[in-house]
Amino acid sequence: MGNWVVIHWPSVLVLATWLGLNVFLFVHAFLSYEKADKYYYTREILGFRRCSLRKVLDHNLTFHKLVAYMICLDTAIHIIAHLFNFERYSRSQQATDGSLASVLSSLSQEEGGIYWLNPIQSPNMTVIELTFTSIPGLSGVIITVALVLMVTSATEFIRRSYFEVFWYTHHIFVIYFIGLGIHGIGGLVRGQTEESMKENQPHRCAESFEKWDDPNSQCKPPQFEGHPAESWKWILAPVVLYIFERILRFYRSQQQVVITKVVMHPSKVLELQMNKRGFSMEVGQYIFVNCPSISYLEWHPFTLTSAPEEDFFSIHIRAAGDWTENLLKAFEQQHSPVPRIRVDGPFGTVSEDVFHYEVAVLVGAGIGVTPFASILKSIWYKFWHADPSLKTQMIYFYWICRETGAFAWFNDLLASLEQEMEDLGKVGFLNYRLFLTGWDNNIAGHAALNFDKATDILTGLKHKTFFGRPMWDNEFCTIATTHPKSAVGVFLCGPQSLAKSLRRCCHQYSSLDPRKVQFFFNKENF
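Residues numbered from 1 in each chain as written. Predicted model: local features only at pLDDT ≥ 70, side-chain atom pairs only at ≥ 80, totals over all residues. Heavy atoms only, no water.

*Asks:* An account of the nonpolar core is needed here, citing residue identities and associated values.
*Replies:* Judged by nonpolar contacts, the single largest core of 27 residues is most densely connected at V354, L362, I375, L376, I379, F397 and L430. Listed by contribution, the elements that provide at least two residues to this core are β9 (359-365), α16 (370-384), β10 (394-401), α17 (408-423), β11 (430-436) and β13 (487-493). Residue contributions to this core peak at 5 residues, all from α16. When sequence neighbours within four positions are dropped, the list of residues in contact with L362 reads V354, F372, I375, L376, I395, Y396, F397, Y398 and F491. (Core = buried A, V, L, I, M, F, W, Y, C linked by side-chain atoms within 4.5 Å. Buried < 20%, exposed > 50% of the residue type's maximum accessible area, 1.4 Å probe, protein only. Helix = DSSP H or I, 4+ residues; strand = E, 2+ residues; numbered from the N terminus. Contact = heavy atoms within 4.5 Å.)

*Asks:* Explain the sheet that holds β13 to me, using residue names and the numbers behind them.
*Replies:* One open sheet holds the 6 strands; their spatial order is β12-β11-β10-β9-β13-β14, and the pairing between them is parallel. Two strands close off the open sheet at either side, each with one partner strand: β12 (465-467) and β14 (518-523). Shown here is a sheet whose adjacent strand axes are inclined to one another by a mean of 20 degrees, direction ignored. Sheet topology note: the β9/β13 ladder contains 6 bridges and is parallel. Pairing of A360 across the sheet is with G489, part of β13. (Pairing = 2+ DSSP bridges. Axes fitted to C-alpha atoms, helices over the stretch in contact; angles between N-to-C directions.)

*Asks:* Go over the packing of helix α19 (residues 472-482) against helix α20 (residues 496-509), please, and point to the residues and values.
*Replies:* As a packed pair, α19 and α20 sit with axes 10 Å apart at the nearest point and diverge in direction by 35 degrees. Between α19 and α20 lies a crossing whose hand is right-handed. Across from W472, D473, F476, C477 and A480 in α19, the residues of α20 making contact are L498, S501, L502, R504, C505, C506, Q508 and Y509. Its residues placed into classes, the contact of α19 with α20 shows 9 nonpolar, 2 polar and 2 charged. (Left-handed = near helix turned anticlockwise from the far one by under 90°. Nonpolar A, V, L, I, M, F, W, Y, C, P; charged D, E, K, R; others polar.)

*Asks:* Which residues make up α16, and what values do they have?
*Replies:* With 15 residues, α16 extends 22 Å from end C-alpha to end C-alpha; this agrees with the ideal 21 Å at 1.5 Å per step. Within α16, the full set of buried residues consists of T370, P371, F372, A373, S374, I375, L376, K377, S378, I379, K382 and F383. Of the residues one or two after α16, A386 is the one with positive phi, at around 50 degrees. (Expected span 1.5 Å × (residues − 1).)

*Asks:* Give me the pairing of β9: which residues, what numbers.
*Replies:* Working note: regular strand, side chains alternate between the two faces of the sheet. Of all 7 residues that make up β9, 6 are buried, and the element is covered over most of its length. Alignment of β9 against β10, held across 7 bridges, turns out to be parallel. What sits directly across from A360, in β10, is I395.

*Asks:* Tell me about the side chain of Q93, and name the residues and values.
*Replies:* Here Q93 is to be found in helix α5 (residues 60-94). Exposure remark for Q93: the relative accessible area of 12% places this residue in the buried category. Discounting chain neighbours no more than four positions away, the residues touching Q93 are S105, N118, I120, Q121, S122 and P123.

*Asks:* For the packing of aromatic side chains, give the residues involved together with the corresponding values.
*Replies:* Geometrically, a pair of aromatic rings is defined through the distance of the ring centres and the angle of the planes. Scanning all chains against the criterion turns up 16 aromatic pairs. Seen in terms of ring centroids, Y176 and F177 are 5.9 Å apart; in terms of plane orientation they differ by 85 degrees. Their pairing is edge-to-face. Under the relative-accessibility criterion, Y176 is labelled buried at 11%. Ring geometry for F288 versus F347: centroids 5.6 Å apart, planes at 75 degrees, classification edge-to-face. (Phe/Tyr/Trp six-rings, centres within 6.5 Å; stacked < 30°, edge-to-face > 60°.)

And the structure:
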């Protein structure tokens, strides 16, 4: 490779310059179309902002899973191919018919190990013995086991119920990449040496293999060598990028975080309000949080519930596992110092696009309401300051909860928004509906008896709480009828089953005419 570069360096220089110039021109043109004011209306009519590169990157988890599936498929093909090869190697070693394959298999590891072609050196050698006594075989077993552990521990059930198992097992990727880098060492699949090619030209000498040992023969026994390991070329760039990212994240995580307020809400929900120098956020973004006193290595993602206009950033944490349970206990202790918190982020999500739509539909399930807390707060500030850039004309907000206590910490925000919209004459701007799925006859009866009251008996809000789940077909039909020519952004932070229903409705109720109502589905991924 080095000699090739020396010989052809003018071509390499021209090619690198040409590629670099093309990349520069593309990036320059892309940023011009993305940022320049003269293309503002062009972006609007083409929907350029909704199809920007950043939104593609928001699907990093989906891309990560797709890559994992492809690695699993390629690994299976690779292993099956080796099993077929080992079978042929074994058959050739045991053959006694004097065929070319049996002669090639009889070449031994003499004279510095350059002769042999068949890695199975004797008829008594098994595939298992070869696997565990060779570098390619042993490293292949190790990286396959590592891959199986990473994939199985990343399933939805393990990740949600035993996050620590998922977190630590997923870091076996270090062993996986090391094994992948050395997998080709040992040259299991070998080729004829350049010197041997001069003495034994395969197309001429293969038919006279019986005479290879004849001193007078023009064809000498072939010599073989293993190819150098090349897998490192495929993993070098990702490893360098990963190390760079880890260094950057480590630097950001070491910056001091000041906890300004701690609030314990009902239903085991902890609110932390914090400050950090240079911290800047947008609506719907999330951060990674680490508490060294609980676990020095574990980082958990939490959606920001504060608005960009506020002078702090906040998160709401619901006790849903060992780490969150321990965090709540640490902050509940009255006479202990406040635990140290490290923060990395913020990172973007699809919710950042909410203000790009004329109509927005926000759907939260349980604690999945957190990104919409940031959005609704930001709307409050935009109305308060009469922000002319606010494009959104109406918001439909749906919150689905199992228990009444979950509504408590969000009530104050909704109540203030109700009052603010009423004072500004924008009563119809925010249409929200709360759905209670975990209810009994006592709760329903109590709500029915007090239905005529001005405020809801469960939440104290003007909008009544619904029992059961939303009828999405009815909801989408109503929205499509009310906004016949609008672009409607549907944003979900909730389970996959709900995402499937909403995605179907978006497709079903979008008009075939692009000038009429169109629903665009967006889902948070964690």
